[in-house]
Amino acid sequence: MPRQRTAAGAGRGGTPRRVVARRLAVLVLVLVVLCLPPWWTLLAAGTGWPLPVVLAGTAVLAAWLVGFPFLMVAGHRSRSRNDRAARIADTSLGVVWVLWTCSVLGALTDLLLAGFGVSGTGRARLVAAAVVLLAAGVLAWGHHEAMRVPRVRRLDVHLPRLGRGLDGTRVALLADTHYGPIDRAAWSAKVTEAVNALDPDVVVHAGDIADGTPEQRRDQSAPLGAVRARLARVYVTGNHEYGSEAQGWLDRMAELGWEALHNRHVLVERDGAALVLAGVDDVTAASSGLTGHRADLDAALAGADPHLPVLLVAHQPKYVPQAAAAGIDLQLSGHTHGGQIWPFRYLVRLDQPVVQGLSRHGERTQLYTSRGTGFWGPPFRVLAPSEITLLTLRAGDTTAAATATAAG
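Residues numbered from 1 in each chain as written. Predicted model: local features only at pLDDT ≥ 70, side-chain atom pairs only at ≥ 80, totals over all residues. Heavy atoms only, no water.

Scanning the chain from N- to C-terminus turns up 11 helices and 12 strands. If one aligns the C-alpha atoms of the chain with their principal axes, the spans along those axes are about 80 × 80 × 40 Å. Residue burial in the chain is summarised as follows: out of 408 residues, 49% are buried. Across the chain, the fraction of contacts at a sequence separation of at least 24, relative to all contacts at a separation of at least 6, is 75%. For the chain, the exposed area adds up to about 19,200 Å²; of that, 62% sits on carbon and sulfur atoms. Here the chain contributes 40 positively and 32 negatively charged side chains, and the mean placements of these two sets differ by 9 Å. (Helix = DSSP H or I, 4+ residues; strand = E, 2+ residues; numbered from the N terminus. Buried < 20%, exposed > 50% of the residue type's maximum accessible area, 1.4 Å probe, protein only. Contact = heavy atoms within 4.5 Å. Areas by Shrake-Rupley, 256 points an atom, 1.4 Å probe, with all protein chains shown as cover. Lys, Arg positive; Asp, Glu negative; His and termini not counted. Charge placed at Lys NZ, Arg CZ, Asp CG, Glu CD.)

Printed below as a string of structure tokens:
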């Protein structure tokens with residue numbers, strides 16, 4: 001019997017070890033790939049730098065490659081969540097990603113110059129200098145874009161089933177605020193001011209409210225309690241909540257006066273018209289181990305009049321096939337950040353059907369995907385500006401609207 005238990009234990013332990021080994025191998029491969037282009041473009045590729053310069057640059061990249069995983073674990077995965085470690089890890093990741101992109105562009109430029117007959121150490125050093133200057137400029141601009149109060153993105157969304165009494169309903173959408181290691185309590189207060197200035201009827205937070213527990217991010221989330229809406233303020237969980245006390249965040253938002261749409265709906269009415277505001281947990285909730293947490297559209301719509309239009313809040317755009325199958329009129333999502341730092345959007349597109357903006361899915365369902373109000377991790381946004389979205393709901397379809405405009 002002892003031998004059997006030992007064998008079974010080894011079998012059970014073997015699989016997790018193999019999983020960990022595979023993940024570690026993938027991580028090392030990714031980090032090496034991130035480091036190689038900067039090393040080649042800045043230090044090799046015919047630059048002819050003195051050996052001490054090459055060794056120093058190589059040492060810096062190697063130190064980052066080795067230290068980065070430990071900083072990420074200390075900052076984001078450990079229970080203590082060391083915010084200083086997280087800030088160093090996140091910022092350095094953004095720097096290396098931008099440097100990687102600029103280095104790849106620099107290497108292509110170097111090949112182009114070589115094709116035109118430009119040769120010698122001077123060419124390689126000129127390209128290296130241009131890469132450093134370009135990366136520095138992009139990082140400075142990207143940091144400004146990440147830390148600023150988002151611009152307001154406005155658009156009309158036509159819902160054929162919307163009653164005339166709710167025509168013109170103004171829905172302010174927040175998503176991916178990601179309160180985290182950088183204290184953005186003042187930024188959060190300014191976001192609240194910007195939302196209130198829009199005089200919305202409904203305010204939606206589409207998840208990923210924070211990286212950290214409600215207690216850790218209490219000051220940063222507090223300004224959400226001052227958000228004003230004429231009809232409703234609603235919130236759903238994102239995937240990041242399931243790494244930092246999802247139920248606690250549902251409770252915190254309820255404490256701040258928001259309706260937590262935990263697989264449920266509320267009804268908003270005006271002038272004889274009604275709209276169902278429904279929400280589902282994030283698609284990662286089912287694997288969280290939390291009792292009663294999973295994306296359950298049937299539960300969210302239970303008891304709702306099937307003839308009424310439905311606005312569904314689901315954190316990830318990839319939930320839209322279920323929304324379309326259920327005949328949802330409009331789904332609001334976030335999660336993608338619009339890619340956050342170009343060209344990461346192309347990797348996001350491999351996982352999500354849409355990266356940003358308004359799209360149609362099936363005969364009835366429309367999906368609006370926000371680029372996000374804050375940022376995750378690296379405090380940079382490059383060619384993916386943050387946004388506060390103001391959606392004005394219009395009764396009738398766009399064809400009818402265009403016909404009415406032409407007739408007028």
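The biggest cluster of nonpolar side chains holds 27 residues, and the ones touching the most others in it are Val-171, Val-204, Leu-275, Leu-277, Leu-311, Leu-332 and Leu-393. Non-local contacts of Leu-275, meaning those with residues more than four positions away in its chain, are made with Leu-162, Leu-166, Val-266, Leu-267, Val-268, Pro-309, Val-310, Leu-311 and Leu-393. By size, the runner-up hydrophobic cluster in this structure holds 25 residues, among which are Leu-34, Leu-61, Leu-93 and Val-98. (Core = buried A, V, L, I, M, F, W, Y, C linked by side-chain atoms within 4.5 Å.)

To continue, consider the sheet that holds strand β9 (residues 330-333). Read across the open sheet, the six strands follow the order β6-β7-β8-β9-β11-β10; overall the sheet is mixed. Two strands bound the open sheet, and with one partner strand each, they are β6 (264-270) and β10 (357-361). Between one strand axis and the next, the sheet turns by 20 degrees as a mean value, whatever way the strands run. For strand β7 (residues 273-279) and strand β8 (residues 310-313), the ladder comprises four bridges, and the chain directions are parallel. Each bridged residue has a counterpart across the sheet, and for Ala-278 the counterpart in β8 is Leu-312. (Pairing = 2+ DSSP bridges. Axes fitted to C-alpha atoms, helices over the stretch in contact; angles between N-to-C directions.)

Here six strands make up an open sheet; going across it, the order is β1-β12-β2-β3-β4-β5 and the pairing mixed. Only two strands of the sheet have a single neighbouring strand rather than two, namely β1 (151-159) and β5 (259-260). In the sheet, strand β2 (residues 169-174) pairs with strand β3 (residues 202-205) via four bridges, with the strands oriented parallel. Looking across to β3, one finds that Val-171 is bridged to Val-202.

Here helix α3 (residues 83-115) is 33 residues long and its end C-alpha atoms lie 48 Å apart, about the 48 Å a rise of 1.5 Å per residue gives. For α3, the capping residue at the N-terminal end is Asn-82, with a side-chain oxygen 3.0 Å from the backbone nitrogen of Arg-84. (Expected span 1.5 Å × (residues − 1). Polar contact = N/O pair within 3.5 Å; in protein donor to acceptor, adjacent residues only side chain to side chain.)

Another point: the pattern of salt bridges. The full count for this structure, using the stated rule, is 16 salt bridges. Across the pair Arg-294 and Asp-296 runs a salt bridge, and its minimum N-O distance is 3.0 Å. Classification of Asp-296 as buried rests on a relative accessible area of 17%. (Salt bridge = Lys/Arg side-chain N within 4 Å of Asp/Glu carboxyl O.)

Attention shifts here to the environment of Leu-108. When you line up the elements, Leu-108 lands in helix α3. Residues Leu-108 and Tyr-179 lie 71 residues apart in sequence; the distance between their C-alpha atoms is 38 Å.

Turning our attention to unusual backbone geometry. Cis geometry is adopted by the peptide bond preceding Pro-343, which originates at Trp-342 and carries an omega value of 5 degrees. Mapped onto the elements of the fold, Pro-343 is located in the loop between β9 and α10 (345-348). Backbone geometry at Ala-45 places phi at a positive 50 degrees, although glycine is not the residue there. In this structure, Ala-45 sits in the loop between α1 (2-43) and α2 (51-77). Under the relative-accessibility criterion, Ala-45 is labelled buried at 17%. Non-glycine residue Asn-263 carries a positive phi angle of around 55 degrees.

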